[in-house]
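Residue-level listing of the chains:
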Amino acid sequence: MKALIVVDYQNDFVCGSLGFDKAKELEEPIEKKIQSYLANGDMVVFTKDCHDPEKYADTQEGKLLPIPHCTDDNGSAIYGRIAQYCHEENTVTKDRFGSEDLCARLSFYPGIEEIEIVGVVGSICVMTNAVLLKTNFPEVKITVDAECVASPDESMNNKALDIMENLQINVINRDQN
């Protein structure tokens, strides 16, 4: 069995307070990947960033990134056509970059042979979850599809991909030019 993890492909990261053009371009390739996984009977899991609007400014993240995001139903919602594949039973909410709950959920499926990660932001939440998954599942192949990952700063996205490759995370579809 394989598992596809769709990290934080939410309105606020695509078209909202932290949105960026490249994130919008991911919709079609992510949807094709989801459809392929589902057609093969594999698992698709979503992470959703969710913050308390009254407490966000007092958190370390809120102090270092003082742009409220994912603090209401609209901003936290999965973006566009991808939303139709996201349901309560295949979603892990988180209030930080990485999700220990995601690792715990996947540990209930000992037959997972590969975990593939797509979504945003590549240099923050995608990378953090990839490292957590590699740490918790050291013998499972962890793959990041560079064509389905983006960051507002392309140079940071490339640095994140470099770091993940250095940590023995399989990065595919990477344009090396």
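In the block above lies the structure referred to throughout.
As the structure is a prediction and not an experimental result, all values here were calculated from the model.

Trainee: Any chance you could explain the overall build of the protein chain here in plain terms?
Mentor: Looking only at helices and strands, the protein chain features 8 helices and 6 strands. When its helices and strands are written in sequence order, the protein chain yields β-α-α-α-β-α-α-β-α-β-α-β-α-β. Rg of the C-alpha trace for the protein chain: 15 Å, near the compact-globule value of 16 Å for 177 residues, within the 12% margin. Once the C-alpha set of the protein chain is aligned to its principal axes, its extents read approximately 40 × 40 × 30 Å. In the protein chain, which comprises 177 residues, the proportion classed as buried is 50%. Taking as baseline every contact in the protein chain between residues at least 6 positions apart, the subset at least 24 positions apart corresponds to 77%. Carbon together with sulfur atoms contributes 49% to the accessible area of the protein chain, which is approximately 9,000 Å² in total.

Trainee: I would appreciate a short explanation of helix α3 (residues 27–39) in the present structure.
Mentor: Quick reminder: α-helices carry 3.6 residues per turn. Residues three or four places apart thus point the same way. The end-to-end C-alpha separation of α3 is 18 Å, in line with the 18 Å expected for 13 residues at 1.5 Å each. Buried within α3 we find E27, I30, E31, K33, I34 and Y37. End-on, the buried residues of α3 take up no more than an arc of 160°, which puts them together on one face. Away from the buried face of α3 by more than 90 degrees, exposed residues K32 and A39 are located. Where α3 is buried, its residues touch β1 (2–7), α2 (21–25), β2 (43–49), β4 (114–120) and β5 (141–150). G41 occupies a position one or two residues after α3 and carries a positive phi of about 75°.

Trainee: Please clarify how the environment of T71 should be interpreted in this entry.
Mentor: Along the chain, T71 falls in the loop between α4 (60–64) and α5 (73–76). With 19 residues separating them along the chain, T71 and D52 place their C-alpha atoms 5.7 Å apart.

Trainee: What should I look at first to understand a nonpolar patch on the surface in this one?
Mentor: A surface patch of nonpolar side chains, about 350 Å² in accessible area, is lined by M1, F108 and Y109. With respect to the helices and strands, F108 occurs in the loop between α6 (100–106) and β4. Given the relative accessible area of 67%, F108 is considered exposed.

Trainee: Would you explain the nonpolar core in this entry?
Mentor: Membership of the largest hydrophobic core comes to 28 residues, with the highest contact counts inside it found for I5, L106, I115, I117, L133, V144 and M164. Broken down by element, this core gets its largest block of residues, 5 residues, from helix α7 (residues 122–136). Sequence-distant contacts of M164, that is, excluding residues within four places in its chain, are made with G122, M127, A130, V144, I169 and V171.

Analysis parameters
- Residues numbered from 1 in each chain as written.
- Predicted model: local features only at pLDDT ≥ 70, side-chain atom pairs only at ≥ 80, totals over all residues.
- Heavy atoms only, no water.
- Helix = DSSP H or I, 4+ residues; strand = E, 2+ residues; numbered from the N terminus.
- Rg over C-alpha atoms; globule rule 2.2 N^0.38 Å.
- Buried < 20%, exposed > 50% of the residue type's maximum accessible area, 1.4 Å probe, protein only.
- Contact = heavy atoms within 4.5 Å.
- Areas by Shrake-Rupley, 256 points an atom, 1.4 Å probe, with all protein chains shown as cover.
- Expected span 1.5 Å × (residues − 1).
- Arc of directions from axis to C-beta.
- Patch = residues over 30% accessible without salt bridge, like charges linked within 9 Å, V, L, I, M, F, W, Y side chains within 5 Å.
- Salt bridge = Lys/Arg side-chain N within 4 Å of Asp/Glu carboxyl O.
- Core = buried A, V, L, I, M, F, W, Y, C linked by side-chain atoms within 4.5 Å.

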